[in-house]
Amino acid sequence: MATGGGDELKLLGLWASPYVLRAKFALSFKGLSYETIEEDLTNKSELLLRSNPVHKKVPVLIHNGKPICESQIIVEYLDEAFPGAGASLLPSDPYDRAVARFWAAYINDKFMPAWQKASLGLTEEEKAEAMKQMLVAIENLETAFKECSKGKPFFGGDTAGYLDVTLGAVVGWARAGEVLFGRKLFDATTSPLLEAWMERFVALDAVKAVLPDNGELIEYGKMRIAHYERLAAALAAANKK
Ligand SMILES: N[C@@H](CCC(=O)N[C@@H](CS)C(=O)NCC(=O)O)C(=O)O
């Protein structure tokens, strides 16, 4: 669907970034057309530095020349700025909205950092500690799913919404991680509801349309792992001195 009304949407991104994927999901569910501008994070563009001078991170959405930074804020912005495009992502009931925002903050503040460090921590201790925190977070998110979905297929109910997009950020890397690390992020023993949710979520057309290719993620992941292994080895050598 075209944005209409002369709206111009540009997304400064990085194809493998889970946070960029979150913004892409929101755009895809809302059926909005946009231009993607791929960033090289080792040589950030003038446009990125000018658009996100505080964090200098992707994603940045540029709507008619005005930048919006931070993936979660981009999701909320798209919902508010394009209320007629697709179904609303945030729940319409104020209490449900507050609960969804609570869990979104939990995903961003607790789950995502632990999830990233559990795989790419610099020491075995750091990884083990992050893994513990991640498992606690997954247990809590399993409860969140029960509370928010009210027995329906998605956090948003019958259709995917705000929290599906928020947690959906990890589904590309969760699939690649099965090959890279030989373990599932959500599994039948620890998180059966989330395991089933992820299968339903990745089967949606709006998700498939923007999900990065799994083979390419796996290759990119191998490079990232090798990079972190070199950093970890350098750190261990420096600590021995
Ligand atoms: N809280 C941010 C996190 C975004 C983020 O960490 N982006 C990474 C790519 S995955 C980035 O741009 N890193 C560049 C840097 O740290 O210099 C959001 O939700 O948008």
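This one's a predicted model, so the numbers in the text were calculated from it and none came from an experiment.

### Regarding the overall build of the chain
Counting its regular elements, the chain contains 10 helices and four strands. Reading the chain from its N terminus to its C terminus gives the helix and strand order β-α-β-α-β-β-α-α-α-α-α-α-α-α. For 241 residues, the compact-globule estimate of 2.2 N^0.38 gives 18 Å, and the C-alpha radius of gyration of the chain, at 18 Å, lies within 12% of that figure. Along the three orthogonal principal directions, the C-alpha set of the chain runs to about 60 × 45 × 30 Å. Taken over 241 residues, the chain has a buried fraction of 44%. Within the chain, contacts between residues separated by at least 24 positions form 68% of all contacts whose residues are at least 6 apart in sequence. Accessible surface computed for the chain: about 12,300 Å², of which carbon and sulfur atoms make up 56%. In the chain, the 28 positive side-chain charges and the 32 negative ones have mean positions that sit 4 Å from each other.

### Quick notes on the nonpolar core
The biggest cluster of nonpolar side chains holds 73 residues, and the ones touching the most others in it are Phe25, Phe111, Leu167, Phe186 and Trp197. The element contributing the most residues to this core is helix α4 (residues 94-120), with 11 residues. Inspection of this core shows a minimum of three residues originating in each of domain 1 (9-81) and domain 2 (94-216).

### Quick look at the domain arrangement of the chain
Assigned domains of the chain: these are domain 1 (9-81) and domain 2 (94-216). Computed over C-alpha atoms, the centres of domain 1 and domain 2 are 21 Å apart. Carbon and sulfur atoms supply 65% of the area that domain 1 and domain 2 bury against each other, a total of about 1,700 Å² over both sides. For the interface between domain 1 and domain 2, the tally reads one salt bridge. Ionic pairing is found between Arg101 and Glu76, a salt bridge with its closest N-O pair at 3.1 Å. Summed over the shared surface of domain 1 and domain 2, the result is nine residue pairs in polar contact (both at pLDDT 80 or more). When residues of the side of domain 1 that touches domain 2 are traced back to their parent elements, those giving at least two are α1 (18-29) and α3 (71-81). Examining the composition of the side of domain 1 that touches domain 2, we find that nine residues originate from one element, α1, more than from any other. Class assignment for the residues of the side of domain 1 that touches domain 2 results in 10 nonpolar, two polar and three charged.

### What to know about the environment of Arg230
In this structure, Arg230 sits in helix α10 (residues 214-240). Residue classification places Arg230 among the exposed positions, given a relative accessible area of 56%. The spatial distance from the C-alpha of Arg230 to the C-alpha of Tyr220 is 16 Å, given a sequence separation of 10 residues.

### Things to note about the packing of aromatic side chains
What the rule picks out here adds up to 12 aromatic pairs. Taking the centre distance of 5.2 Å and the plane angle of 20° together, the rings of Trp197 and Phe201 count as stacked. In this pair, Trp197 and Phe201 are both assigned in helix α8 (residues 192-202), four residues apart and thus about one turn of the helix distant. Feature note: the residues Phe25, Phe29, Phe111, Trp115, Phe145, Phe155, Phe186, Trp197 and Phe201 constitute an aromatic cluster, connected by ring pairs.

### Some words on the sheet that holds strand β2 (residues 35-38)
If you walk across this open sheet you meet the four strands as β2-β1-β3-β4, and the pairing is mixed. Each edge of the sheet is formed by a strand with only one pairing partner; in this case those strands are β2 and β4 (66-69). Between one strand and the next, the sheet's axes are offset by a mean angle of 25°, whatever the strand orientation. The pairing of strand β1 (residues 9-13) with strand β3 (residues 60-63) spans four bridges and is antiparallel. Note on β3: the bridge partner recorded for Lys10 is Ile62. Its contacts with the sheet place α1 against β1 and β2, and it is angled at close to 155° to β1.

### Section: the pairing of β2
Here is the key point about a regular strand: its side chains alternate between the two faces of the sheet. The pairing of β1 with β2 spans four bridges and is parallel. Paired with Leu11 across the strands is Thr36, a residue of β2. The β-α-β motif built from β1, the intervening α1 and the parallel element β2 has right-handed crossover chirality.

### Section: a nonpolar patch on the surface
A contiguous nonpolar surface patch, about 210 Å² in accessible area, is contributed by Leu122, Leu231 and Leu235. Following the sequence through the fold, Leu235 ends up in helix α10. On the basis of relative accessibility, which here comes to 34%, the residue Leu235 falls in the partly exposed class.

Here is what the cut-offs are and how they apply
- Residue numbers here run from 1 along each chain, matching the order of that chain's written sequence.
- The predicted nature of this model means local features are confined to residues of pLDDT at least 70 and side-chain atom pairs, given and counted, to a pLDDT of 80 or more, with totals for whole chains, interfaces and linings taken over all residues.
- Processing note: side-chain calculations cover all non-hydrogen atoms of the structure and skip hydrogens and water entirely.
- For the purposes of this entry, the term helix denotes a DSSP run of H or I that reaches at least four residues, the term strand denotes a run of E that reaches at least two, and both are numbered from the N terminus.
- The globule rule used here is 2.2 Å times the number of residues to the 0.38 power, and the radius of gyration it is set against is calculated over C-alpha atoms.
- Whether a residue is buried, partly exposed or exposed follows from its accessible area with a 1.4 Å probe, protein chains only, as a fraction of its type maximum: under 20%, in between, or over 50%, in that order.
- By definition in these notes, contact holds between two residues if any of their heavy atoms fall within 4.5 Å.
- For the accessible areas, the method is Shrake-Rupley and the probe is 1.4 Å, while residue cover comes only from the protein chains on display.
- Working convention for charge: Lys and Arg count positive, Asp and Glu count negative, and His plus the chain ends are omitted.
- We put the charge of a Lys on NZ, of an Arg on CZ, of an Asp on CG and of a Glu on CD.
- Here, nonpolar core means buried Ala, Val, Leu, Ile, Met, Phe, Trp, Tyr and Cys residues that are tied together by side-chain atoms lying within 4.5 Å of each other.
- Just so you know, the domain bounds were taken from an automatic or database domain assignment.
- Summed over both partners, the accessible area (1.4 Å probe) lost when two parts come together is defined as the buried area.
- Salt bridges, as used here, are contacts in which a Lys or Arg side-chain nitrogen is within 4 Å of a carboxyl oxygen on Asp or Glu.
- In protein, a polar contact means a hydrogen-donor-capable atom and an acceptor-capable atom, both N or O and within 3.5 Å, with residues adjacent in sequence counting only if both atoms are side-chain atoms; elsewhere, any N or O pair within 3.5 Å suffices.
- Residue classes follow a fixed rule: Ala, Val, Leu, Ile, Met, Phe, Trp, Tyr, Cys and Pro count as nonpolar, while Asp, Glu, Lys and Arg count as charged, and any other residue, Gly among them, counts as polar.
- Here is the rule: rings of Phe, Tyr and Trp (six-membered ring for Trp) pair when centre to centre is within 6.5 Å. Planes less than 30 degrees apart are stacked, more than 60 are edge-to-face, and the remainder are tilted.
- Pairing between strands is defined by DSSP: at least two bridges between them are needed.
- Geometry is summarised by axes, namely lines fitted to C-alpha atoms with helices restricted to the contacting stretch, and by angles between N-to-C directions that run from 0 to 180 degrees.
- The path from the first strand over the helix to the second decides the hand: if it runs clockwise while the strands point away from the viewer, the crossover is right-handed.
- Residues forming no salt bridge and having over 30% relative accessible area are the ones grouped into patches, like charges within 9 Å of each other and nonpolar side chains (Val, Leu, Ile, Met, Phe, Trp, Tyr) within 5 Å.

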